[in-house]
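Residue-level listing of the chains:
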Amino acid sequence: MRLRPAWRRLRARTQAVLHPRAAEAAMQRELAAHLALMEEDLQRRGLSAEAARREARLRFGSSEAAAEAHRAARGFAAVEQLAHDTRLALRSLRHAPAFTITAVLTLTLGLGAAMAVFTVVNSVLLEPLPYPEAHRLVALRQLAPGAGGVANAAGGLGLSESMFLTFKRYNHSFSAMGIWTADMASITGRGQPQRVPAVDVSDGVLQALAVPPLRGRWLGPGDHELHGAATVMLSYGYWQREFGGAAAAIGSTLEVDGRVRVIVGVMPPGFRIEDQPADLIVPLAFAHTGLKLAGFGYQGLARLKPGATLTSADAELTRLLPVWMNSWTNCPKCDPHFYETWHITPALRPLKSAVVGGIAGTLWIVLATVGLLLLIAMGNAINLFLVRAEARQHELAVRAALGAGRARLAQALLLESTLVAGAGFGLGLAAAEAAIVWLRALGPVNLPRLTEVGLDLRVAGCGVALAIVAALGAGLAPLWRRHFTTITPTLAGESRGASASRQRRRVRSALIVAQTAMALVLLLAAGLLVRSFAALTRVQPGFSQPQTVQTFRVAIPHVPGDSDAMVVRTENDIVNRLQAIPGVTAAGFADQAPMQKFGGDWDIVVKRGEAVAAGSSPPSRWFTFVSPGYLCTLGTAVIAGRDFTWADLYAERHYVLLSRNLAREFFGSAQAAVGQQVSPSGPGNWYEVIGVVQDVHIAGAQQPAPTMVYWPALTPGLWGSTSMSQRVVTVAVRTPQAGTAALHAQILRAVAAVSPEIPLTEYATMQQIYAQALAVASFTLALLAMAGVMALALGLIGIYGVIAYEVVQRQREIGIRIALGASRGSVRALFLRRGLGLAALGCGLGLLAGAGLTHSLHALLFQISPLDPLTFLLAPVLLLLAVICASYLPARRASAQPAAAVLRS
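Source: prediction; values computed, not measured.

Peer 1: Before we move on, can you summarise the overall build of the protein chain with the specific residues and values?
Peer 2: Scanning the protein chain from N- to C-terminus turns up 29 helices and 26 strands. Considering only residue pairs separated by 6 or more positions, the protein chain has 80% of its internal contacts joining residues 24 or more positions apart. Here the protein chain displays about 40,600 Å² of accessible surface, and carbon together with sulfur accounts for 60% of that area.

Peer 1: Please set out the packing of aromatic side chains residue by residue, giving values where relevant.
Peer 2: Aromatic ring pairs are described here by two measures, namely the spacing of the ring centres and the angle between the planes. Counting across every chain of the model gives 14 aromatic pairs. On the basis of an interplanar angle of 75 degrees and a centroid distance of 6.4 Å, the ring pair of tyrosine 131 and phenylalanine 271 is categorised as edge-to-face. Of the two residues, tyrosine 131 is situated in the loop between α6 (97–126) and β1 (137–140) and phenylalanine 271 in the loop between β8 (259–266) and β9 (280–283); the sequence distance between them amounts to 140 residues. When its relative accessible area of 7% is taken as the criterion, tyrosine 131 is described as buried. When the centroid spacing of 6.2 Å and the interplanar angle of 40 degrees are considered together, the rings of phenylalanine 589 and tryptophan 646 count as tilted. Of this pair, phenylalanine 589 sits in strand β14 (residues 586–590) while tryptophan 646 sits in helix α20 (residues 646–650); the two residues are 57 residues apart in sequence, bridging distant segments of the chain. Accessibility expressed as a relative area gives 22% for tryptophan 646, which makes it partly exposed. Among the aromatic side chains, those forming a connected cluster through ring pairs are Phe296, Trp324, Tyr339 and Trp342.

Peer 1: Go over a nonpolar patch on the surface, please, and point to the residues and values.
Peer 2: On the surface, Leu870, Leu873, Leu874, Val877, Leu881 and Ile884 cluster together to form a nonpolar patch covering roughly 510 Å² of accessible area. With respect to the helices, strands and loops of the structure, isoleucine 884 is situated in helix α28 (residues 869–895).

Peer 1: Describe the confidence of the model for the protein chain, with residues and values.
Peer 2: With 84% of its residues at a pLDDT of 70 or more, the protein chain shows a mean pLDDT of 81. A low-confidence stretch, residues 487–500 stays under pLDDT 50, and its non-local contacts, those more than four residues away or across chains, total 22 contacts.

Peer 1: Which residues make up the side chain of aspartate 203, and what values go with them?
Peer 2: In this structure, aspartate 203 sits in the loop between β4 (194–201) and α8 (205–209). Sequence-distant contacts of aspartate 203, defined by excluding residues within four places in its chain, comprise Phe164, Lys168, Met177, Gly178, Leu219, Gly220, Pro221 and His224.

Peer 1: Lay out the pairing of strand β13 (residues 549–555) with the relevant residues and their values.
Peer 2: With respect to burial, β13 is a largely interior element, seven of its seven residues being buried. Burial along β13 is two-sided: the residues Val549, Thr551, Arg553 and Ala555 and Gln550, Phe552 and Val554 are all buried. As paired strands, β13 and strand β25 (residues 728–734) are joined by seven bridges and run antiparallel to one another. Bridge pairing in β25 links glutamine 550 to valine 733. In this sheet, strand β26 (residues 760–765) lies alongside β13 in antiparallel orientation, the contact comprising four bridges.

Peer 1: Before we move on, can you summarise the packing of helix α18 (residues 564–579) against helix α23 (residues 741–754) with the specific residues and values?
Peer 2: Between α18 and α23, the shortest axis-to-axis distance is 9 Å and the interhelical angle comes to 145 degrees. Between α18 and α23 lies a crossing of right-handed hand. Mapping the contact onto sequence places Thr570, Asp573, Ile574, Arg577 and Leu578 in α18 and Ile747, Ala750, Val751, Ala753 and Val754 in α23. A class-by-class count of the residues in the contact of α18 with α23 yields seven nonpolar, one polar and two charged.

Peer 1: Please provide a residue-by-residue account of the side chain of aspartate 648, values included.
Peer 2: Looking at the element boundaries, aspartate 648 is found in helix α20. The class of aspartate 648 is buried, set by a relative accessible area of 3%. When neighbours within four sequence positions are excluded, aspartate 648 is seen to be in contact with Arg642, Asp643, Arg653, Tyr655 and Ile690.

Here is what the cut-offs are and how they apply
- Residues numbered from 1 in each chain as written.
- Predicted model: local features only at pLDDT ≥ 70, side-chain atom pairs only at ≥ 80, totals over all residues.
- Heavy atoms only, no water.
- Helix = DSSP H or I, 4+ residues; strand = E, 2+ residues; numbered from the N terminus.
- Contact = heavy atoms within 4.5 Å.
- Areas by Shrake-Rupley, 256 points an atom, 1.4 Å probe, with all protein chains shown as cover.
- Phe/Tyr/Trp six-rings, centres within 6.5 Å; stacked < 30°, edge-to-face > 60°.
- Buried < 20%, exposed > 50% of the residue type's maximum accessible area, 1.4 Å probe, protein only.
- Patch = residues over 30% accessible without salt bridge, like charges linked within 9 Å, V, L, I, M, F, W, Y side chains within 5 Å.
- Salt bridge = Lys/Arg side-chain N within 4 Å of Asp/Glu carboxyl O.
- pLDDT = per-residue confidence, 0-100.
- Pairing = 2+ DSSP bridges.
- Axes fitted to C-alpha atoms, helices over the stretch in contact; angles between N-to-C directions.
- Left-handed = near helix turned anticlockwise from the far one by under 90°.
- Nonpolar A, V, L, I, M, F, W, Y, C, P; charged D, E, K, R; others polar.

This is the structure:
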C-alpha cells in the first residue's frame, strides 16, 4: 500500500517531463480552482464578488511563485529546464536562418571532410591486417647496393627459390616462412576461356598467414611436390561467381593453364596475400635440387616465433647468405660468390609496412591537410557565434538582470552551439559516406585495402568528439570573452550605435588572421601539386596518341609438342587478323606495355670489349620482348637503325634493340650504337644492335625512363635456351576506334578465329593505362585542391561576415562621416583596408608556415621545388583578390546608405 503514493508521484513526474504542456495546463487549472474556492468562501462571509476576488488574490500570494513551487515539487526540474532551454534554442535558431544555415554548412564541410579522410587513414594505416597476431608477420625484402640498375631499384631485391630453401632450412627465427608471386591464370573447359588473377605460393605462405579456409583445407607440403597432385584453392568471390557457393566445389576439378587441378579449399571473404587480389591460389612446385642462385622474382613473408624480433631475424638471415652461396651455383663454371659484389643485405620489415608501402606518407599529408580545413571550419563557426553574441547583447543582458546566472547563460549558448554542431555532424556523416564512394572510384588501384574502406564506430566516435569540441568552442567563446558581465550599460542603451570594443574586435580579427593563414597554406600545397601535375603531363612518355591505341592481354595455351616458334607463329597470326580489321593502321605485341603492372625480366648486360673491374658488378637492365611492328603501333620512334622484321625472328638472328639512354651510356650516341654487340650472359653469346629506340617511361611519367634492352619476341640463345618466346603478351592495336564496343567485338572474333581457347583480358586503351599510372598524383591533387578551394571559401565567408558585421555595428559612425563630408569612396576604402589588413597579416603568417610545411610534400612533387617562387607569388595574390571581393560587398552596402537615414535610426 505504501508503494502506491510513490508510484503515483513517479508517474506524475514522468508525465510532466514527457508531456510538459499538459502538465502545465493541469497546474494552471488547479491554481485557478484554488482561487475560485477561496473567492466563494469569502463571498459566503459577506464580501462582494469584487472584494472577495481582491482579498483572495492577496491571501493566495504570487501565482507565479506558487507555480514555481509546484514545478519544483513535481521533481525533474533540471530536465524540464533543459527541455525548456532547448525549445528556446531551436526557436532562436529558426528565427536566424542565415546564421543557422551558414554555421551548419561550415561544420558539415569540416566534419564531413575530416571523417571521410580519417576513414581512409583508419582502414589503410591504423586497422591491423586481417590475420591472427598480425604484428608477428614480416615481409622478407633485401637490398643490393652493389648491384646497380634494376637489382638496386627502390623495391629491393626479391628471393630466389634456392635462397628461400636455404633460409627455411637453417633459420631459427620463424615459425613459418614462404615465397609467393602474383600471376595470371587461364581457365578453360568452363565455356568462354577466362584469364583470372592468381597467386603462386610455396609451402609456408598460408601457414604463416594463419587464416583458416572457409571450406576444405590449406595447401599442404604434398601439394608443392614437383610431381605431386595438381591442386588449387579458390577465393571466396570466385567460388561464389563460378560455383554459386556450392559445397560440392570442393573435390571438383578446374583446368588451369591447361592442367586439370583438384579444388581443395576456399578462403574466407576478403582474404588476400599482402594486398594482392587473386581468384586462385596455386601451389608453387619446384625441385629441391639443381636450383640456381639467381631468379630473384619472389616475394617472401614469414611469421616470427614468440620472442624473436625483426633485428635478430635480420641478423640471422645475414649470416645465412654465405651458406646460400656455398650451397648453390648458376652454372658449373660460374663463381657462386659472384653475388658478394652485390652486397646483399636482408631488410626485413613488418608486413603491414610492405602492404601500405609509399602511400602512407601521402595519406598522412592528406589527413594533415583536412585537419587544417577542420580548424578553419571550427574557427569560422566560433567567429559566427561571436558575431551572433554581439548582436544579442541586449537580450542576454536582460536575462542576466532577471537573475539568469553565468551557468544558465552558458547553458543557453551551449545548447545552440550543440544543436548546430549536431546538425553539422549528421550532415557531415552523410557527406562523408558520399565522399568515401567518390574516393573509392577516384582512388588508385595501388591504394591498399581500398575495398575495405568504410565508416565504422571509431570514425563515428572521432566525428562525435570533433563535434563536441566545435560545440564547446562556439558556445563558450562569447562567455570566455566576458561579453555579458556588464549589464547596466547595455540596458541603459549606452552601447547603442557605438562601435564594438577593441577587445571583441581583436578576438574576431585573430580568428580571421588564423583562418587566412591556414587557407594560404592549403592553397600553397594545392598550387605546388597543380604545378607538379602540369609538369608530369608535359613529359613525353615514349608513346604517342595513347587514346588511339587499344591494348589487351592474351595467353597462348600449352599444347603438347608445341615449340617456341609455334607460339610466336600463333601470336603472329593474331596480329595479321587484327591488321585486317577496317581502320587498324598497325598492330604488334610485347611481353607487357609501358606502365602495366606485370613486372618484367632483367639481367646484367655488357658491351663487347668492356672490362669489368674485379670485385664489382655491371648494372642490371630491364628486358622487354617485342614483335615487329609493336614499336610503330605505340608510336615509339626508332631513332637510329631499324626495327625487327618477321624474317629476323623466324631465322633466329642474334639481333637486339637498345633504348637511347643505354646506347649513349655504352657507345656515346644512338648512331654509334648501331652495329655494335652486347651480351646478356658474358662473352661468347653476342647480339648485334640493329636499332636504337627512344626512351620510354615504363613505370610512370614521374619515374625516369630506365635503360632498356629490346629482345625479339623469339629470342635465340638467351639464358642458355635454344630459343625463347612469351606465351602471355600484351597486344597493341592502333585505330581511331580504340575503346569502342564495336572494336572489342571485332577483336574477340579475330582472336577466336585463331583459337577459341585463347582468353582475352586487361582490355584498355593506352590512355587509360597512362591515367592509371598517374592515379596517385591525381588522387592527391584532387584531395588537396578540393581542400584548398573549401579553405578559401570558408576563409572568405569569415572575412565577409566580420566586415558585414562591422558595417552594422558602425552605422552611426558611417552616418557621421558622410554627414561631415566624407566621400562614399573613402567609406568603402575604410572597410576594404580592414579586410585587406587582416588578409595581409594572415598571408604573411601563412607564407612563413608554408615555407616550413611544404617541404613535407617533396616526395609528391615532380620537377617543382617545395619553395616554388611562382606558387608562393600567385597563391597570396589569388587569396588577396578574393578577399577584396569578399570585403567590397559589405563596404559598398555601407557607403550606399543615406547619412540622414543612418543618423535617424
